[in-house]
Amino acid sequence: MKQKFAILFIFLVTFSGCNRVEKKYSEKFLSFDSYIELVVYTNDEKQFTELYNITKDGFDYYHKLFDAFNLYDGINNVKIINDNAGIKPVKVEPVLFNLIVESIELYDKGYTNTNIAFGPITSEYNKLFDENLSETKQQLPDLDLLIELNKCTNINDIVLDYDDSSIYLKNKCNKLDLGGVAKGYATDLIISDLKKSGFENGILIAGQSNIYTIGAKPDGSLFNVGISNPVNQELLATLSISDKHIIASSGEQRYIMIDNERIHHLIDPNTLRPANINQGVTLVTDSGFIGDFLSTHLFMLEKDEFKKITEELSLDYILIDNNGEIIISDGISDAIKVK
Amino acid sequence: MQLKLNKHDIIFTLLLLIISVTIIIISLNNESIKGNNEARVYLHNKHVYTFNLNNNDQSFYEIEATNGLVIIESKDGKIRVIEENSNNNVCSNQGWTNSTLTPIICLPNDLFIVIETGEEKEVDVIVE
C-alpha cells in the first residue's frame, strides 16, 4: 500500500510541475497619448489583474498631471502652470515638482537639446500635427517668428520654490513642454509600483518607442526586442535583454510631409528646425526618465559628440545615422543579433 | 511469473489512467488556441469586435468613434482601416497589417486594433 502511495505521490508531483508553467496574460489600452500594453507571465490571474490596474490607473493619473493641453478637476497640472505664466506660482504634486527639478538638473549638466522650457517653439510645430489644416495651408512655422519665440525658452525662467513645491514661469510667453521626459518618468514610477506587487516576468510597452522587459519567459529565455528601421519599419536587429528600458527617438514617430520633406517633432534648439543628423537613436538604460531625456538629446548630435557622451555615461545604444549605418555600443554587442 | 491484480491495484491503475487522460485533454485544449488568428477592435479601451483572420474572405466593420465613422476591412488574413476622420490620417495611412507586433492605433478616434494568434514568436516586442 505504501508503495502505491509513493507512486501516486511521484506521479502527481511530476504532473503538477507541468501545470506550474507560467501562463501569459496581457492587456492593452490607450493612455498618455500612447498604446500601452502589459504582458505578464504568472500562475496567478488575480495578480495579473492587480498589476494591470496599477498600470492603467498609473498612466491615466500621470497623463493628467503632465498634460499641457487639458484641465482636470482637482489636479494642478502643466496646463495650469502654463496658464499662470507671468501671473503667479502654482503649487503642484511632488511628482510633477520632482520631474521638473530633475529635468532642469540634466539640462544644467549640458544636455541642452532636451529643454522642458521649449514649449513656445514646440507648440508652433504641434499646430502642424494637431490642427486640422488643409494641405495647402501646411507650411513650416516662419523662422523669424521662431527666433522671436525662442527668447521665451530660457530654462532659468522656471522658478522653483522647494518649500512650497510650487512652480512659477517668469514671463507670460514661457511655456513648459514635458513631452520628451514625462512618459519615461511615469514609466519608472509605475514599474516601481509593479515590482512591489510582484511583477517578475514580463514586458511593459509604454508607447512603441518605450519598452521595458523584466525577468524571462517560462522556458528561461530572455525577451527578444526587435529594433526596427525608422525609415521603412523593417526589422534591423533583435536584442535579448532583461530588466532594462529600451527607448527610441526617431523622426518617424510623429511627422507630416511638406513638399516631400519629412517634418518631424524633434526640433533642434540650435536651428529651430527638425533635427536631421541621425535617423534614430535607441538607448538601453536602467531608468526610463534618463532614457527618454537623453535619447532626445543624443538624436540631435553628430557622431563625435554622441560617442563622447555615451562613453562618459556608460550608455548602451543602437545608433542609425543618416546614411543608414548601424552603430552598436560594445556593452550590448553580445546581446544583439543584426539581421 | 503471473501478475496478480487485486481490487486495490485495479482502482489505483484506473485512477492514474483518469488523471493522465484529464491532463492530456487539458493540454490539447490549450494547444487548440494556437493558430487561431484574430483581430480585436477596441474603442474607448473596450473590446468591441473581433475579426476572424483564419478565413480569407473580405469583411467590413463600421463603428462610430470619437471623430465619426471608422471603417475597418479584413481580407486574406490581414486588416486595415480604410476610413477614419483625423488630422493626419495616421492609422488609415498605415495600411494592411497581419503582425501581432504592429497594432493599428487611431489615437484621435480612441480606437486600436491588435492581432492575436496565441503563438509565441521569435520577437516579443518591437521598439520603433
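Residues numbered from 1 in each chain as written. Chains lettered and ligands numbered in written order. Predicted model: local features only at pLDDT ≥ 70, side-chain atom pairs only at ≥ 80, totals over all residues. Heavy atoms only, no water.

### Points about the overall build of chain B
And step 1. A count of helices and strands for chain B gives two helices and eight strands.
And step 2. Secondary structure elements of chain B occur, N-terminal to C-terminal, as α-β-β-β-β-β-α-β-β-β.
And step 3. Counting the 128 residues in chain B, one finds 36% classified as buried.
And step 4. On chain B, roughly 7600 Å² of surface is accessible, and the fraction owed to carbon and sulfur atoms is 53%. (Helix = DSSP H or I, 4+ residues; strand = E, 2+ residues; numbered from the N terminus. Buried < 20%, exposed > 50% of the residue type's maximum accessible area, 1.4 Å probe, protein only. Areas by Shrake-Rupley, 256 points an atom, 1.4 Å probe, with all protein chains shown as cover.)

### Here we look at the pairing of strand β4 (residues 158-161) of chain A
All names here are of chain A.
And step 1. Bridge count between β4 and strand β5 (residues 166-169): four bridges; the pairing is antiparallel. If you follow Leu160 over to β5, its bridge partner there is Ile167.
And step 2. Counting the residues in the hairpin turn of β4 and β5 gives four residues, including Ser165, whose phi is positive at 40 degrees. (Pairing = 2+ DSSP bridges.)

### Some words on the state of the cysteines
Defined simply, a disulfide is a covalent bond joining two cysteines at their sulfur atoms.
All names here are of chain A.
And step 1. For the coordinates displayed, the defined rule picks out two disulfides over all chains.
And step 2. Residue Cys152 pairs covalently with Cys173 via a disulfide, S to S 2.0 Å. Taking the torsion about the sulfur-sulfur bond, which here is approximately -95 degrees, the covalent link between Cys152 and Cys173 counts as left-handed. Within this pair, whereas Cys152 is found in the loop between α6 (143-149) and β4, its partner Cys173 is found in the loop between β5 and α7 (182-196), the two being separated by 21 residues in sequence.
And step 3. Residue classification places Cys152 among the buried residues on the basis of a relative accessible area of 10%.
And step 4. Residue class for Cys173 comes out partly exposed when judged on its relative accessible area of 35%. (Disulfide = S-S within 2.5 Å.)

### Description of helix α9 (residues 303-312) of chain A
Because an α-helix completes one turn every 3.6 residues, residues spaced three or four positions apart along the sequence face the same direction.
Residues and elements named next belong to chain A.
And step 1. Listed as buried for α9 are Phe306, Ile309 and Thr310. Projection of α9 onto a plane perpendicular to its axis shows the buried side chains occupying an angular sector of 95 degrees, all on one side. Opposite the packed face of α9, turned more than 90 degrees from it, sit the exposed residues Asp304, Glu311 and Glu312.
And step 2. One or two residues past the end of α9 sits Ser314, with phi positive at roughly 50 degrees. (Arc of directions from axis to C-beta.)

### With respect to the confidence of the model for chain B
All names here are of chain B.
And step 1. Mean pLDDT over chain B works out to 85, with 84% of the residues at or above the 70 mark.
And step 2. Confidence over residues 30-34 falls short of pLDDT 50; this stretch has four contacts with residues more than four positions distant or in other chains.
And step 3. Interface confidence in the predicted complex, given as ipTM, is 0.86; pTM for the same model is 0.87. (pLDDT = per-residue confidence, 0-100. Contact = heavy atoms within 4.5 Å.)

### Let's talk about the nonpolar core
Residues and elements named next belong to chain A.
And step 1. Counting residues in each nonpolar core, the largest one holds 66 residues, and the members touching the most others are Phe66 and Ile158.
And step 2. Apart from the residues lying within four places of it in its own chain, the contact partners of Ile158 are Ile100, Ile104, Ile116, Ala117, Ile167, Tyr168, Leu169 and Leu176.
And step 3. Membership of the second largest hydrophobic core comes to 21 residues, among which are Tyr41, Ile205, Ile211 and Ile320. (Core = buried A, V, L, I, M, F, W, Y, C linked by side-chain atoms within 4.5 Å.)

### Some remarks on the side chain of Asn174 of chain A
All names here are of chain A.
And step 1. Of note, Asn174 is situated in the loop between β5 and α7.
And step 2. Taking relative accessible area as the criterion, Asn174 reaches 5% and is therefore assigned buried.
And step 3. There is a polar contact of 2.9 Å between the side chain of Asn174 and the backbone oxygen of Cys152.
And step 4. Here Asp157 takes part through its side chain, which lies 3.2 Å from a polar atom of the side chain of Asn174. (Polar contact = N/O pair within 3.5 Å; in protein donor to acceptor, adjacent residues only side chain to side chain.)

### Brief notes about unusual backbone geometry
And step 1. Here Phe32 of chain A, not a glycine, exhibits a phi torsion of approximately 60 degrees, which is positive.
And step 2. Turning to its location among the elements, Phe32 of chain A is positioned in the loop between β1 (23-31) and β2 (34-42).
And step 3. With a phi angle near 50 degrees, Asp76 of chain B is a residue other than glycine that sits in the positive phi range.
And step 4. Take Asp76 of chain B: it is sitting in the loop between β4 (68-75) and β5 (78-83).
And step 5. A relative accessible area of 45% places Asp76 of chain B in the partly exposed class.

### Things to note about the sheet that holds β4 of chain B
All names here are of chain B.
And step 1. Read across the open sheet, the three strands follow the order β3-β4-β5; overall the sheet is antiparallel. Each having just a single partner strand, β3 (59-65) and β5 make up the two edges of the open sheet. Strand-to-strand twist in this sheet, taken as the mean axis angle between neighbours without regard to direction, amounts to 25 degrees.
And step 2. When β4 meets β5, the two strands line up antiparallel, connected through five bridges. Across the sheet, residue Glu73 finds its bridge partner in β5, namely Arg80. (Axes fitted to C-alpha atoms, helices over the stretch in contact; angles between N-to-C directions.)

### Quick look at a nonpolar patch on the surface
And step 1. A cluster of nonpolar side chains, namely Leu5, Ile10, Leu14, Leu17 and Ile18 of chain B, defines an oily patch on the protein surface of about 500 Å² accessible area.
And step 2. Note that Leu17 of chain B resides in helix α1 (residues 7-33). (Patch = residues over 30% accessible without salt bridge, like charges linked within 9 Å, V, L, I, M, F, W, Y side chains within 5 Å. Salt bridge = Lys/Arg side-chain N within 4 Å of Asp/Glu carboxyl O.)

### What to know about the interface of chain B and chain A
And step 1. Contact with chain B, which involves 30 residues of that partner, is made by 43 residues of chain A.
And step 2. For the pair chain B and chain A, the summed buried area comes to about 3100 Å², and 60% of that belongs to carbon and sulfur atoms.
And step 3. In this structure, the connection of chain B to chain A is made through two salt bridges.
And step 4. With its nearest N and O atoms 3.1 Å apart, the salt bridge here joins Lys217 of chain A to Asp124 of chain B.
And step 5. At the boundary of chain B with chain A, the tally comes to 10 residue pairs in polar contact (both at pLDDT 80 or more).
And step 6. For the side of chain B that touches chain A, the leading source of residues is α1 of chain B, giving eight residues.
And step 7. A breakdown of the residues in the side of chain B that touches chain A according to their chemical character gives 16 nonpolar, six polar and eight charged.
And step 8. Strand direction decides the pairing type here: strand β8 (residues 223-228) of chain A and strand β8 (residues 125-127) of chain B, joined by three bridges, are parallel. Paired with Val225 of chain A across the two strands is Val125 of chain B, which belongs to β8 of chain B. (Buried area = accessible area lost by both parts, 1.4 Å probe. Nonpolar A, V, L, I, M, F, W, Y, C, P; charged D, E, K, R; others polar.)

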